[in-house]
Amino acid sequence: RNLKMKTLCRRDINSLKDPFLAVFESLIPADEEKIKQKQLLSRLEKLVTQEWPEARLHLYGSCDNSFGFSNSDIDISLAMENRDIDKGKLLLKLVDILKSKNFQNVKALPYARIPVLKFVDPVTGISCDICINNALAVVNTKLLRDYAQIDARLRQLVFIVKHWAKSRRVNETYQGTLSSYAYVLMCINFLQQRRPAILPCLQRMETTYSKSVGNVECSYFDQVEKLRNFGVKNGESIAQLVWGFFHYWAYCHDFENDVISVRTGATFSKSSKGWNTRVGNDCHFISIEDPFEVSHDLGRVVDKNSIRVLREEFERAAEIMQNDSSPFVTLFENY
Ligand code: 3AT
Ligand code: MG
């Protein structure tokens with residue numbers, strides 16, 4: 001591993017810049033799709049407020065964090081002022097309402113860790129998930145969207161990494177691999193750690209935005225329009241960054257000892273969080289700290305078997321980026 005770490009970036013890497021940009025552009029949703037999503041949201045809001053006048057709907061996840069592909073699902077949080085509400089009951093009532101309006105495949109999972117309702121809109125064919133009072137997800141969605149506005153290379157890198165993860169089937173939390181949210185945090189942390197840095201650490205700057213969600217205080221610098229030139233001293237292209245990202249996760253990251261943390265813009269030792277010892281089923285084979293819910297390790301879904309799969313995939317991608325003259329077929333080859 002040490003030997004490989006010393007390998008320098010391939011000399012012809014920048015010839016891959018335009019093809020990678022073309023992959024990125026092919027995945028971006030069209031404006032009409034965004035418009036359809038907003039229209040669906042207001043149709044749903046009308047239905048919901050007829051029953052609960054104080055309720056509001058907020059988008060979160062990839063349809064609102066700027067990292068969504070075309071044709072992706074939309075995630076909605078139903079905000080209710082009454083915090084003691086029985087979420088299960090409310091979801092079941094919402095099932096009845098949606099069914100009566102001909103929404104398709106309406107299914108509630110009222111007893112899941114985060115109770116959720118799934119359905120398909122018959123007008124647009126868009127699949128939706130609704131959960132209740134998921135305010136933390138709405139705030140972390142804003143954080144991700146704010147980071148994306150600082151440097152265009154973040155959005156490019158995330159699209160390529162998500163496309164790779166979906167093609168290689170390592171974006172499936174129920175199979176023990178990582179969520180899209182976790183991959184976005186890995187990309188942000190990677191760009192925070194380039195030298196010169198491509199992204200700042202917004203949570204270490206002056207607070208211009210602050211929101212308490214339960215007992216979690218979410219605060220950071222959100223005037224990102226002032227940071228548009230932040231990364232200009234670093235001239236790395238998207239091709240170099242894709243190479244560097246996979247190289248880092250294949251050969252440089254200390255999986256055993258380190259936590260990656262967007263909150264601090266760095267990595268730090270697992271022992272400082274007690275994540276170096278196994279507690280119950282939590283093994284922390286890969287540790288990614290949630291930026292706000294800091295006791296939450298997004299790697300906790302990863303087990304002994306899936307960490308091997310993940311690391312093999314990082315190494316496979318790094319080898320391809322190092323050696324293939326045209327990596328675009330092999331890198332995204334369906335698993
Ligand atoms: P896709 O395009 O749907 O793959 P996404 O960005 O919508 O990607 P997810 O479906 O993984 O991402 O999650 C939806 C949002 O829910 C993203 C994030 O705001 C929130 N979220 C997901 N997992 C967690 C988590 N473990 N802790 C806190 N928030 C989370
Ligand atoms: Mg989603």
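These figures come from a predicted structure and were not determined experimentally.

Right, let's get into the site of ligand 1. The environment of ligand 1 is made up of 18 residues, and the closest members are G61, S62, A137, S179 and S180. Secondary-structure elements contributing two or more residues to the shell around ligand 1 are α5 (135-150) and α7 (180-192). Ranked by residue count, the leading element in the shell around ligand 1 is α5, at three residues. For the shell around ligand 1, the per-class residue count stands at five nonpolar, ten polar and three charged. Mapping the shell around ligand 1 onto the domain boundaries places at least three of its residues in each of domain 1 (2-27 + 150-331) and domain 2 (31-136).

Attention now goes to unusual backbone geometry. Geometrically, the link from R195 to P196 is a cis peptide bond, its omega value of -5° lying close to zero. Examined against the element boundaries, P196 turns out to sit in the loop between α7 and β6 (209-213). Even without glycine at this site, S66 takes up a positive phi of about 75°. Examined against the element boundaries, S66 turns out to sit in the loop between β1 (56-60) and β2 (74-79). The backbone of N102 shows a phi angle near 70°, a positive value even though the residue is not glycine. Mapped onto the elements, N102 comes out in the loop between α4 (87-100) and β3 (104-109).

Let's shift gears to the UniProt feature "domain: Poly(A) RNA polymerase mitochondrial-like central palm" (unreviewed entry) in the protein chain. What UniProt calls "domain: Poly(A) RNA polymerase mitochondrial-like central palm" (unreviewed entry) maps, in this numbering, to residues 21-149. Taken end to end, residues 21-149 is 44% helix and 22% strand, and its two terminal C-alpha atoms sit 17 Å from one another.

To continue, consider the pairing of strand β9 (residues 266-269). Sheet topology places strand β8 (residues 258-261) next to β9; four bridges connect them, and they run antiparallel. Paired with I260 across the bridge in β9 is T267. Joining the antiparallel neighbours β8 and β9 is a turn of four residues, in which G265 adopts a positive phi near 70°.

Parameters at a glance
Residues numbered from 1 in each chain as written. Chains lettered and ligands numbered in written order. Predicted model: local features only at pLDDT ≥ 70, side-chain atom pairs only at ≥ 80, totals over all residues. Near = placed C-beta within 6 Å. Helix = DSSP H or I, 4+ residues; strand = E, 2+ residues; numbered from the N terminus. Nonpolar A, V, L, I, M, F, W, Y, C, P; charged D, E, K, R; others polar. Domains from an automatic or database assignment. UniProt positions renumbered as here; feature names shortened; annotations may be inferred. Pairing = 2+ DSSP bridges.

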